[in-house]
Amino acid sequence: MGERPGEELSHDAFLGGRLTLAQPLHGYRAGTDAVFLAAACPAAPGDSVLDLGCGVGTAALCLGTRVMDLRLAGLELQPAYAALARRNAAAADLPLEVVEGDLAAMPAALRGRSFDHVITNPPFFAASDPAAPDPGRATARQLGPVPLADWIAAALRRLRPGGGLTAIAPAERLADLLAPLNGSAGDIAVLPLASRVGRPAGRVIVRARKGARGPLRLAAPLIVHQGPAHLADGDDFSPEATAILRDGAPIVF
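Residues numbered from 1 in each chain as written. Predicted model: local features only at pLDDT ≥ 70, side-chain atom pairs only at ≥ 80, totals over all residues. Heavy atoms only, no water.

1. Thoughts on helix α3 (residues 79–92)
Then, in step 1: For α3, spanning 14 residues, the distance from its first C-alpha to its last is 20 Å, which sits close to the expected 20 Å at 1.5 Å a residue.
Then, in step 2: Restricting attention to buried positions, one finds in α3 the residues Y81, A82, A83, L84, A85, N88 and A89.
Then, in step 3: Immediately downstream of α3, the backbone of D93 shows phi near 60°, a positive value. (Helix = DSSP H or I, 4+ residues; strand = E, 2+ residues; numbered from the N terminus. Expected span 1.5 Å × (residues − 1). Buried < 20%, exposed > 50% of the residue type's maximum accessible area, 1.4 Å probe, protein only.)

This is the structure in structure tokens:
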């Protein structure tokens, strides 16, 4: 994918056009979740960041576009998506090291390393749920043999002491995100993402620090869209969401 003639790719603008990424027209396609994930990571210049399940590099490259001088790495199971991540990093002139491999058998290139931050948008559908018809999309979305708790535990193992984990997932998987943090991480903050005022949260962003002991904190929800319903063509993002998605603003919570 991304290298063979005749492939169907789109070239999509992120962060108001500051970043353009090649993605498959058919298959797993990154959207706002990856941008919100990147915006929520409190990385500072000079930090090292690992994106577990980096896909075509969207979250890592959005983060690298917002914060200068990061040392970026990504782990991706599917070779075609890993190839696109490398291509996208080169086009953006950002130093993203992409390692192909399985999180359940961490590649040697990552196994002996620790990072200041790990970010992840893990697969969230259970293996028993109906799979997407496209194999690439199904692999990116289905947990398969790796439970979500193991996914988060693997992220914690790649963090230095005091390092930060940032993850995004459907709100109904919050308990699965929090369980593996018990006893291993603290200073946990949960940010609900609600589509509109008065709607239940559809996504949550969870941040935690390895080895910390601070209490859990539930932040006020981020409202993604304006108004009670979508009434016209075009996006209707809230001012806060627009600043994140278009202007590259960080999410502070």
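2. Considerations on helix α2 (residues 58–66)
Then, in step 1: Burial runs high along α2: 8 of the 9 residues are buried.
Then, in step 2: Inspection of α2 places T58, A59, A60, L61, C62, L63, G64 and T65 among the buried residues, and these make up the whole buried set.

3. Comments concerning the pairing of strand β4 (residues 71–76)
Then, in step 1: The element β4 is largely enclosed, with a buried count of 5 among its 6 residues.
Then, in step 2: Bridge count between strand β3 (residues 48–52) and β4: 5 bridges; the pairing is parallel. By the bridge assignment for β4, V49 is matched with L72.
Then, in step 3: With α2 bridging β3 and its parallel neighbour β4, the resulting β-α-β unit is right-handed.
Then, in step 4: Note that β4 and strand β5 (residues 96–100) share 5 bridges and pair parallel. Considered in β5, the bridge of L75 is made with V99.
Then, in step 5: Regarding topology, α3 serves as the crossover connection from β4 to the parallel β5, and that connection is right-handed. (Pairing = 2+ DSSP bridges. Right-handed = clockwise from strand over helix to strand, strands pointing away.)

4. Structural notes on the pattern of salt bridges
Then, in step 1: Applying the stated criterion across every chain, the model contains 10 salt bridges.
Then, in step 2: A salt bridge links R246 to D235, with the nearest nitrogen and oxygen atoms 2.7 Å apart. Of the two residues, R246 is situated in the segment after α8 (239–245) and D235 in the loop between β11 (222–223) and α8; the sequence distance between them amounts to 11 residues.
Then, in step 3: Looking at R246, the relative accessible area reads 36%, which means it is partly exposed.
Then, in step 4: Three or more residues joined by partner-sharing salt bridges are found here, namely R71, D116 and R160. (Salt bridge = Lys/Arg side-chain N within 4 Å of Asp/Glu carboxyl O.)

5. Focus: the nonpolar core
Then, in step 1: Core analysis: the biggest nonpolar cluster contains 45 residues, and F36, L63, L96, L191, I205, I251 and F253 have the highest contact counts within it.
Then, in step 2: Sorting elements by how many residues they give to this core places helix α1 (residues 32–40) first, with 7 residues.
Then, in step 3: The residues contacting L96, other than those within four sequence positions of it, are G57, A60, L61, L72, A73, G74, A85 and A89.
Then, in step 4: Membership of the second largest hydrophobic core comes to 29 residues, among which are A73, A169, L181 and A208. (Core = buried A, V, L, I, M, F, W, Y, C linked by side-chain atoms within 4.5 Å. Contact = heavy atoms within 4.5 Å.)

6. So, unusual backbone geometry
Then, in step 1: The backbone of D69 shows a phi angle near 60°, a positive value even though the residue is not glycine.
Then, in step 2: Topologically, D69 is positioned in the loop between α2 and β4.
Then, in step 3: By relative accessible area, which is 61% here, D69 ends up exposed.
Then, in step 4: Phi at D187 takes a positive value of approximately 50°, unusual for a residue other than glycine.

7. A closer look at the packing of aromatic side chains
Two numbers describe a pair of aromatic rings. These are the distance of the centres and the angle of the planes.
Then, in step 1: Under the counting rule described, the total for this entry stands at 0 aromatic pairs.
Then, in step 2: It is R207 that lies over the ring of F253; its NZ or CZ is 3.9 Å from the centre. (Phe/Tyr/Trp six-rings, centres within 6.5 Å; stacked < 30°, edge-to-face > 60°. Lys NZ or Arg CZ within 6 Å of the ring centre and 35° of its normal.)

8. Regarding the confidence of the model for the protein
Then, in step 1: For the protein, the average pLDDT comes to 90, and 87% of its residues sit at 70 or higher.
Then, in step 2: Every residue in residues 1–6 scores below 50 in pLDDT, and together they form 13 contacts with partners more than four places removed in sequence or on other chains.
Then, in step 3: Across residues 136–143, confidence stays below pLDDT 50; counting only partners more than four residues off in sequence or on other chains, it has 31 contacts. (pLDDT = per-residue confidence, 0-100.)

9. Structural notes on the pairing of strand β8 (residues 185–194)
Then, in step 1: With 9 of its 10 residues buried, β8 lies for the most part within the structure.
Then, in step 2: As paired strands, β8 and strand β9 (residues 201–210) are joined by 8 bridges and run antiparallel to one another. Bridging from a neighbouring strand, A185 pairs with K210 of β9.
Then, in step 3: Counted between consecutive antiparallel strands, the loop separating β8 from β9 contains 6 residues, among which G198 sits at a positive phi close to 85°.
Then, in step 4: Both β8 and strand β10 (residues 217–218) contribute to a ladder of 2 bridges, which runs parallel. Looking across to β10, one finds that V190 is bridged to L218.
Then, in step 5: Pairing of β8 with β11, which is carried by 2 bridges, proceeds in the parallel orientation.

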